[in-house]
Amino acid sequence: MSAPTTQRTTVSEREARQVAEAAREQGWRKPSFAKELFLGRFRLDLIHPHPLPDPESVRRGEAFLAELRAFCESEIDAVRIEREARIPDEVVAGLKRLGALGMKIDPKYGGLGLSQLYYNKALALVGSVSPAVGALLSAHQSIGVPQPLKIFGTQEQKDAFLPRCASTDISAFLLTEPDVGSDPARLATMAVPDGDDYILDGVKLWTTNGVVADLLVVMARVPKSEGHPGGITAFVVEGTAEGVTVEHRNAFMGLRGIENGVTRLHRVRVPAANRIGPEGAGLKIALTTLNTGRLSLPAMCAGAGKWCLKIARQWAAEREQWGRPVALHEAVGSKISFIAATTFALEAVVDLASQMADEDRNDIRIEAALAKLYGSEMSWLMADELVQIRGGRGYETAESLAARGERGVPAEQMLRDLRINRIFEGSTEIMHLLIAREAVDAHLSVAGDLIDPDTSLQDKAKAAADAGVFYAKWLPKLVAGPGQLPSSYSEFKHGIDLSGHLRFVERHARKLARATFYGMSRWQGRMETKQGFLGRIVDIGAELFAMSAACVRAERLRREGDHGREAYQLADAFCHQSRLRVDDLFTRLWSNTDDLDRKVVKGVLNGSYDWLEDGILDPSTEGPWIADATPGPSEEPSARRPFG
């Protein structure tokens, strides 16, 4: 009997692009440091002096961190969570008592009302003990019910759901489907209007917290009909609603305690009062929620860097080879320097973006996305280097190390746990495209009609005139700037000179803008297919942003008298390391194997290299590549397991 075939929703590339474009926040009502950076304008004034939290938020935040630290030390058994692949009920009960479910929820709804800065510090702390617990709290508050309701919910919805989310109920976010990942135009879950209700049918995959959730945010497509504009729409759904079935709890290479599953919705009746925002606003709500929600992941990445540094320092001082500690051997020392400098920069990026989110004076959609992209990539590299520094002990499990009488250091677990961050909440490849779209927004706003094949000749002529005016003013400004003046940014000279790094950022921001313009001129409408080029453009911007944040943070610490000299040393080391990466990325913008790679890919797909696969056996089990997701009643026993 052949395996069932999933009924796929088919859309054209143009339709998919239109759906994604409609979900974007179109305007820029507030300044953006990163947006200006990609345009070749180094607006240091937007981030320096480093924004500071208000004293009351610091007092409340520090008080909660002290309670949370004590709880983590005494109540969270990370070894048990890893061994049993689940978070014990008593841990979740304790988190509820602490108020950890409502860290970002306003006190008038029973929450703690922490700032974004201290919410992220709390996640970094919890995540350093157990990334699975960090994922539970983050998925609940950063992308689950509380955040979209905070921004888009009605007063009635806030009154009904936020007190529950702050104290007792865990929430989940349901967007991905078995055959729909980063292309939401093909979303198959339907929400059909029925009087004052909607009837939901569909299957959702990788529902973090979905196995234990009391409340769900579900993205579903409303068909267009009289009185219903339709489109992808967000709903709050009770986890216990009739027709909601958790069909499977997924298991992964890391985050073994995460409650992630497959959820089937069969004729689930949801009141119209539970719809978040208007019909068709679901993707916009999701993307807006992620503008700050994405900061939770890099916060935990920064916490992972801190842990990697601690273990690397202690081990490399203890372990001796050839008569001296391994830390003093250059091959190991360079890895430790990379971990220390990068941890400093990651924390600088997260703290800066978090405080900017709290102040709400800037549009941080690009900064948050860059923080997610950079944090997930760099923390993975740091964990990999830690495993290498630890050698065989890095590859050995903590449980095995402890069983034979050594310290149970979970370096290999950290590597496994961090790997998902390059996929979670937008893979690295999707983040490159998302950020690139924002980075070229100014160009498309003035020249988009020029490269759109469906634009009329009359509109193309108007676009050409508008573009001519824009570029006549913009391009000359990319020729020279403060980065060419030796005296620029002299306030960053204190024993160690960071001013040269900021001049480097200013010069290379202009160079980056010129490269983007050259790329658009060269490829025009084909620019969006040049994903290798766009990815490198974004990676350069990420490095320049991290360098800026590191220098600004070092100067802040110097002014406050808090490890200022050491902060300058770390910022200097990071910037020197980052400059090498930037230079390499610029070289690879124009000198790369992209065209050759495309030819090889075509050969792989058409079978030209099948002979290369001879001599192996494939241990994979039989079955379809993508599971059947045809709507209908569930045939599986419910795997839902709410915390007791």
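Residues numbered from 1 in each chain as written. Predicted model: local features only at pLDDT ≥ 70, side-chain atom pairs only at ≥ 80, totals over all residues. Heavy atoms only, no water.

Q: What's the story with unusual backbone geometry in this structure? I'm lost.
A: The general pattern is negative phi for most residues beyond glycine and trans for most peptide bonds. Cis geometry marks the peptide bond from H48 to P49, where omega comes out at 0°. Tracing the chain through its elements places P49 in the loop between α2 (33-38) and α3 (55-75). Although it is not a glycine, A85 sits at a positive phi angle of roughly 60°. Tracing the chain through its elements places A85 in the loop between α4 (78-84) and α5 (89-98). A positive phi is found at H563, a non-glycine position, where the angle reads about 60°. With respect to the helices, strands and loops of the structure, H563 is situated in the loop between α21 (531-560) and α22 (564-590). (Helix = DSSP H or I, 4+ residues; strand = E, 2+ residues; numbered from the N terminus.)

Q: Would you explain the pattern of salt bridges in this entry?
A: Two side chains carrying opposite charge are able to pair once their charged atoms lie near each other. Taken as a whole and assessed by the stated rule, the structure comprises 43 salt bridges. Put simply, R186 and D179 hold a salt bridge, and the shortest N to O gap is 2.5 Å. By the burial criterion, R186 is buried, and D179 matches it. Salt-bridge contacts for R437 lead to D441; the nearest nitrogen and oxygen are separated by 3.2 Å. Relative accessible area serves as the criterion here: at 19%, R437 is assigned to the buried category. (Salt bridge = Lys/Arg side-chain N within 4 Å of Asp/Glu carboxyl O. Buried < 20%, exposed > 50% of the residue type's maximum accessible area, 1.4 Å probe, protein only.)

Q: Looking at this structure, how should I read the pairing of strand β3 (residues 197-208)?
A: Each regular strand shows side chains that alternate between the opposite faces of the sheet. For β3, the tally of buried residues reaches 11 of 12 residues, placing the bulk of the element in the interior. Bridge count between strand β2 (residues 190-194) and β3: 5 bridges; the pairing is antiparallel. Pairing of P193 across the sheet is with Y198, part of β3. With antiparallel pairing between neighbouring strands as the criterion, β2 and β3 make up a hairpin whose turn holds 2 residues, including G195 at a positive phi of roughly 65°. (Pairing = 2+ DSSP bridges.)

Q: What exactly am I supposed to notice about a nonpolar patch on the surface here?
A: Taken together, the side chains of L596, V600, V601, V604, L605, Y609, W611 and L612 make up a nonpolar region of the molecular surface, amounting to roughly 830 Å² of accessible area. Position of L605 among the secondary structure elements: in helix α23 (residues 594-605). (Patch = residues over 30% accessible without salt bridge, like charges linked within 9 Å, V, L, I, M, F, W, Y side chains within 5 Å. Areas by Shrake-Rupley, 256 points an atom, 1.4 Å probe, with all protein chains shown as cover.)

Q: Whenever I open this one, the confidence of the model for the protein confuses me. Can you help?
A: Across the protein, pLDDT averages 92, with 94% of residues at or above 70. Here residues 1-6 is a poorly scored stretch, pLDDT under 50, and it has 9 contacts once near neighbours within four places are set aside; other chains count. (pLDDT = per-residue confidence, 0-100. Contact = heavy atoms within 4.5 Å.)

Q: Would you take a moment to explain the packing of helix α20 (residues 499-523) against α22 for this structure?
A: When two helices pack together, their arrangement is given by the angle between their axes and by how far apart the axes lie. For the pair α20 and α22, the least separation of the axes is 12 Å and the interaxial angle reads 20°. The orientation of α20 with respect to α22, classified from their angle, is roughly parallel. For the crossing formed where α20 meets α22, the hand is left-handed. In contact with G500, H501, F504, R507, H508, K511, L512, A515, Y518, G519, R522 and W523 of α20, α22 contributes D572, C575, H576, R579, V582, D583, F586, L589 and W590. Within the contact of α20 with α22, the residues separate by chemical class into 10 nonpolar, 5 polar and 6 charged. (Axes fitted to C-alpha atoms, helices over the stretch in contact; angles between N-to-C directions. Parallel < 35°, antiparallel > 145°, perpendicular 65-115°, else oblique. Left-handed = near helix turned anticlockwise from the far one by under 90°. Nonpolar A, V, L, I, M, F, W, Y, C, P; charged D, E, K, R; others polar.)

Q: Help me understand the side chain of E425 in this model?
A: Its location among the elements puts E425 in the loop between α16 (411-419) and α17 (428-439). The charged side chain of E425 is buried without a salt bridge, its nearest counter-charge being R294 at 5.4 Å. Other than its neighbours up to four places away in sequence, E425 contacts I143, L290, G293, R294, S296, K372 and M431. (Lys, Arg positive; Asp, Glu negative; His and termini not counted.)

Q: Teacher, can you tell me more about the packing of aromatic side chains here?
A: Where two aromatic rings form a pair, the distance of their centres and the angle of their planes describe that pair. Applying the stated criterion across every chain yields a total of 13 aromatic pairs. Ring centres 6.0 Å apart and planes at 45° place the aromatic pair F33 and F545 in the tilted group. Linking F33 in helix α2 with F545 in helix α21, this pair joins segments that are 512 residues apart in sequence. Like F33, the residue F545 is buried in the burial classification. Three or more aromatic residues link up through ring pairs in this structure, and these residues are F470, Y471, W474, F517 and Y518. Residue placement shows R390 over the ring face of W315; its charged tip is 4.7 Å from the ring centre. (Phe/Tyr/Trp six-rings, centres within 6.5 Å; stacked < 30°, edge-to-face > 60°. Lys NZ or Arg CZ within 6 Å of the ring centre and 35° of its normal.)

Q: What am I meant to see in the packing of α21 against α22 here?
A: Their axes nearest at 9 Å, the elements α21 and α22 cross at an angle of 165°. Taken together, α21 and α22 sit at an angle that is classed as roughly antiparallel. As for how α21 packs across α22, the hand of that crossing is left-handed. A class-by-class count of the residues in the contact of α21 with α22 yields 20 nonpolar, 2 polar and 8 charged.

Q: Is there a simple way to think about empty space enclosed by the protein in this case?
A: Summary: where empty space remains is shown by rolling a probe the size of a single water molecule over the atoms. Counted under the stated rule, the structure contains 3 cavities of 30 Å³ or more. The calculated volume of the largest cavity comes to roughly 70 Å³. For the largest cavity, the full set of lining residues is A78, I81, E82, V129, S130, P131, A132, L255, R256, G257, Q413 and D417. Examining the composition of the lining of the largest cavity, we find that 3 residues originate from one element, α4, more than from any other. When the residues that make up the lining of the largest cavity are grouped by side-chain class, the tally is 6 nonpolar, 3 polar and 3 charged. Here the second largest cavity is characterised by a volume of approximately 50 Å³. Lining the second largest cavity, in full, are I143, P148, F173, V217, M219, I285, A286, T289 and L290. Elements represented by at least two residues in the lining of the second largest cavity include exactly β4 (215-222) and α10 (282-293). Broken down by element, the residue count for the lining of the second largest cavity peaks at 4 residues, all from α10. Class assignment for the residues of the lining of the second largest cavity results in 8 nonpolar, 1 polar and no charged. (1 Å grid on protein atoms, 1.4 Å probe; cavity = no way out; pocket = protein on both sides within 12 Å on 5 of 7 lines; lining within 4 Å. Points joined across faces, edges and corners; volume = space filled by probe spheres on them.)

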